[in-house]
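Each chain, written out:
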Amino acid sequence: LAFGLAGCGSGGEKSSQGEQKKDEPIVIKFSHVVKETTPKGQAALKFKELVEQKTGGKVKVEVYPSSQLYGDKEELEALVANNVQMIAPSATKLVGLNPAYQIVDMPFIFKNDQAALNFYNGPVGQKLLTSLEDKGILGLAWWPNGAKHFTNSKRPLKRPEDFKGLKFRTQSGGVLDAQFKALGAGSQTIPFGEVYPALQNGTVDGQENTFNNIDTQKYIEVQKYLTVSGHGRIDYVVLVNKSFWDSIPEDLRSKVKEAMDEATKLATELSDKQNKESFEKIKQSGKVEIYELTEADRAEFVKAMEPVYREYESKIGKEIMDAARNAQ
Ligand code: LMR
């Protein structure tokens, strides 16, 4: 098929209507929920630039940031319906399609950023990327954001018991609900685009996110306390509608893939850099009281999370849990 299409393109002198259509650029609509300035936002723009450059404009990318086109829930449906061709949700948001993606939420499982990256780029992470093919979705890459931390408006969170009775926003159910339950707290799933008002009007007391999301979403305007916990992660899976992907002529598709690999490198560099910068900015602002978990605090949290490990070991799969635990 790819040969056939490429052949049509080169024989373009005698232009029938069908061929004219093939001369029009292929358009990839890429929708995401964060600001353009974030690692994901910047990587998406880099991807656009590279795709258009490498394909000489034969493939165009339209990037829609900040839930402009679709929010959390809709973007996945829109992808399956081919109303957008690419999205890059946080892995957690795929829980309904494959619960194993919740490995990113599993509290305190990755040793550090590098361990998470090695897990994603290793056999288990790569297998996860192709696990949604029967749903018409293909994973092209993992784009990291980073470790997430707790914020709230009520009190400093230093020990598990400090969470009792508070309510937190989650990105999705499953592991995240279980995590808060284990801490004696409530939780509610709220789309990313609606988190700020939910914190402002007290629908929830707190949330968990990367420094960069906390910073770029201005949560510190409506939160009083930040606990540097790094208890879980927010990382992205770049997804493409599979039939759309397969329909791109092979010569162009390999260029798009190259662009994706380069954008992935940028996402990785920026995630590290921008989270550090955002943490500095948050500190400098003086708007939130910051507490960094000590090793002893951390051990208490790990202990409190035992019910979560027990319940989810089988749902996520032991092989995946072990690969995450052992990643260096
Ligand atoms: C969130 O919902 O908190 C994050 O997944 C948003 C994002 O895409 O970084």
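Residues numbered from 1 in each chain as written. Predicted model: local features only at pLDDT ≥ 70, side-chain atom pairs only at ≥ 80, totals over all residues.

- In the nomenclature of an unreviewed UniProt entry, the protein chain is known as C4-dicarboxylate-binding protein DctP of Carboxydocella sporoproducens DSM 16521.
- Under the heading Sequence similarities (unreviewed entry), UniProt records this for the protein chain: "Belongs to the bacterial solute-binding protein 7 family." (UniProt positions renumbered as here; feature names shortened; annotations may be inferred.)

**Topic: the site of the ligand**
And step 1. Taken together, the neighbourhood of the ligand is formed by Val-33, Val-34, Ser-90, Asn-145, Gln-171, Phe-192, Asn-209, Asn-213 and Ile-234.
And step 2. Split by residue class, the shell around the ligand holds four nonpolar, five polar and no charged. (Near = placed C-beta within 6 Å. Nonpolar A, V, L, I, M, F, W, Y, C, P; charged D, E, K, R; others polar.)

**Focus on unusual backbone geometry**
And step 1. Despite not being glycine, Phe-108 shows a phi value in the positive range, around 55°.
And step 2. Although it is not a glycine, Lys-218 sits at a positive phi angle of roughly 60°.
And step 3. On the secondary structure map, Lys-218 appears in the loop between α9 (211-216) and β8 (225-241).
And step 4. What makes Lys-218 exposed here is the crowd of 12 C-beta atoms within 10 Å. (Helix = DSSP H or I, 4+ residues; strand = E, 2+ residues; numbered from the N terminus. Buried ≥ 20, exposed ≤ 12 C-beta atoms within 10 Å, placed from the backbone.)

**Here's the deal with the packing of helix α7 (residues 175-182) against helix α13 (residues 306-316)**
And step 1. It is the contact of α7 with α13, at a shortest axis distance of 8 Å, that shows an interaxial angle of 150°. On the basis of the axis angle, α7 is roughly antiparallel to α13. Handedness of the α7/α13 crossing: right-handed. On the side of α7, the interface is formed by Val-175, Ala-178, Gln-179 and Ala-182, while α13 contributes Pro-307, Val-308, Glu-311 and Tyr-312.
And step 2. Here the contact of α7 with α13 is built from residues that sort into six nonpolar, one polar and one charged. (Axes fitted to C-alpha atoms, helices over the stretch in contact; angles between N-to-C directions. Parallel < 35°, antiparallel > 145°, perpendicular 65-115°, else oblique. Left-handed = near helix turned anticlockwise from the far one by under 90°. Contact = placed C-beta atoms within 7 Å.)

**A look at the environment of Gly-193**
And step 1. Within the element layout of this structure, Gly-193 appears in the loop between β6 (186-189) and α8 (195-200).
And step 2. Looking at Gly-193, the number of C-beta atoms within 10 Å reads 16, which means it is partly exposed.
And step 3. Considered as a pair, Gly-193 and Gln-217 are 24 residues apart in the sequence and their alpha carbons are 9.3 Å apart.
And step 4. Contacts of Gly-193, omitting those with residues within four sequence positions, involve Val-33, Ser-67 and Gly-71.

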